[in-house]
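Structural description and commentary
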Amino acid sequence: GTRPGPILGEAPRLPGGPDLIRSSEPRGTLYVVGTPIGNLDDLTPRALSVFAQSDLIACEDTRRTRVILSRHGLAKRTISYHKFNEGRRLPQLLEALRKGSRIALATDGGTPGISDPGALLVRAARQQGHLVVPVPGPSALTTLLSVGGFDPGPFTFIGFLPHRKGERRRALLALRAEPRPLVFFESPQRLVAALGDAIEALGDREAVLGREMTKIHEEFIAGTLGSIRAALSGRRVKGEIALLVAGAGGDVPPDDIPSGGAVVPEEPVAARVRRLIGAGVDRKEAMRRVARAAGLSRREVYRQMLDEREDGE
C-alpha cells in the first residue's frame, strides 16, 4: 500500500517536465528567466524547471512570482530585487553565487533587463566569473511587434518615456528623424497625454497600441496616433500599454484587410506618397514603399499620382 520511491540513481520528476538545467552548468549560476506578461500558461517548461531547481529566486515582486510558483506547486525561497533596492541586494546575491547557489532572476512579467531590473546583477555576476544563463520567454516588446503588421526589419526600442511633459516632448523630438519603427511602453495614466505629445513631435503617424496583451482584457487598436487617441478619449484606460509607431517614412504597414480579403486603403495612394516625401523620403523610394504596401506596381502608383494631378487642375 505504500507508494514506491524513485529508482536509485534516478532524479525525481520535476513539475513541468524533465530536468532542464544542464549538468555542465556549475553551481553558482545566475539564470535570467522570462516569465508571462499575463497568461500564466505562457511559462515555458524550461523556466519552470529552472525555478524548481534554483536555491533562490530574486524577483521584482515576490507576490507576483509566488502566484506562478503556487500554480505549479512549488515552494521556493524568494527575495525582492527591484530598482529601489538592487544596489543594496547586489552584494547579498553575489555572495550567494560565490557560495555556489543557483539563482533565478525574474521580473513582474517579461524578460529581465528589458525595461526591468537585471542589468546590474548580470554585469556584476559576469565580472566576478559566474555563469549567466538566459532562459528565454515572453516579452511585451516582441509580442506587440509580432502582431503589429509592420514590415519585418530593424526597429528602435525606447521603453518608457520621461514622466514630465517637457522632458517627454524633448525625447520625442529627438526621435523625429529616426527612420525605424519605434516601440514605447507607457502607463495608462499618461497614455493620452503621451499620444498628444507624440502627434505634435512626430506627426500623425501609423501606429498600433497593445493593451493588457495575453490577458483577459487584451486589446489592440491600429490606425494613426490621432485615431488611437480619439478611440481612447473619454475612457478610463487601465492595464499595461505598449505602442508601436512608424518611423520617419521608414516603414509603411499594410493597409487594413477586412474579412473578405480585399485591401481597403486608408488614404489615396498619391497622398501616402506625399506624406512620405514630406517626412524626408526620396520620391522614388516613397513610391516603391507605397506600391509594396498597396500591392501595386510602381507604374500604377505613378499613374494614380498623374490622375490626381490632372483632376486637381
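Details of the structure are given in the entry above.
Residues numbered from 1 in each chain as written. Predicted model: local features only at pLDDT ≥ 70, side-chain atom pairs only at ≥ 80, totals over all residues. Heavy atoms only, no water.

1. Observations concerning the packing of aromatic side chains
This structure, assessed with the given rule, holds two aromatic pairs. A ring pair is formed by Phe 157 and Phe 185, whose centres lie 5.2 Å apart and whose planes are at 70°; its orientation type is edge-to-face. Highlighted residues: Phe 157 in strand β6 (residues 156–160) and Phe 185 in strand β7 (residues 182–186), separated in sequence by 28 residues. Phe 185 gets classed as buried once you look at its relative accessible area, which sits at 9%. A centroid spacing of 5.6 Å and a plane angle of 65° characterise the contact between Phe 160 and Phe 185, whose relative ring orientation is edge-to-face. Here Phe 160 is found in strand β6, whereas its partner Phe 185 is found in strand β7, with 25 residues between them in sequence. For Phe 160, a relative accessible area of 45% translates into the label partly exposed. Connected via pairs of aromatic rings, a cluster forms that spans Phe 157, Phe 160 and Phe 185. (Phe/Tyr/Trp six-rings, centres within 6.5 Å; stacked < 30°, edge-to-face > 60°. Helix = DSSP H or I, 4+ residues; strand = E, 2+ residues; numbered from the N terminus. Buried < 20%, exposed > 50% of the residue type's maximum accessible area, 1.4 Å probe, protein only.)

2. Examining the sheet that holds strand β8 (residues 206–211)
Through backbone hydrogen bonds, the strands of a sheet pair up, either in parallel or in antiparallel fashion. Read across the open sheet, the five strands follow the order β6-β7-β10-β8-β9; overall the sheet is mixed. At either margin of the open sheet sits one strand with a lone partner, and together these are β6 and β9 (219–224). Averaged over all pairs of adjacent strands, the angle between their axes in this sheet comes to 15°, without regard to strand direction. Here five bridges tie β7 to strand β10 (residues 241–245), and the two strands are oriented antiparallel to one another. In the strand pairing of β10, Leu 182 is matched with Val 245. Taken strand by strand, helix α8 (residues 225–232) contacts β8, β9 and β10, and its axis lies near 135° from that of β9. (Pairing = 2+ DSSP bridges. Axes fitted to C-alpha atoms, helices over the stretch in contact; angles between N-to-C directions. Contact = heavy atoms within 4.5 Å.)

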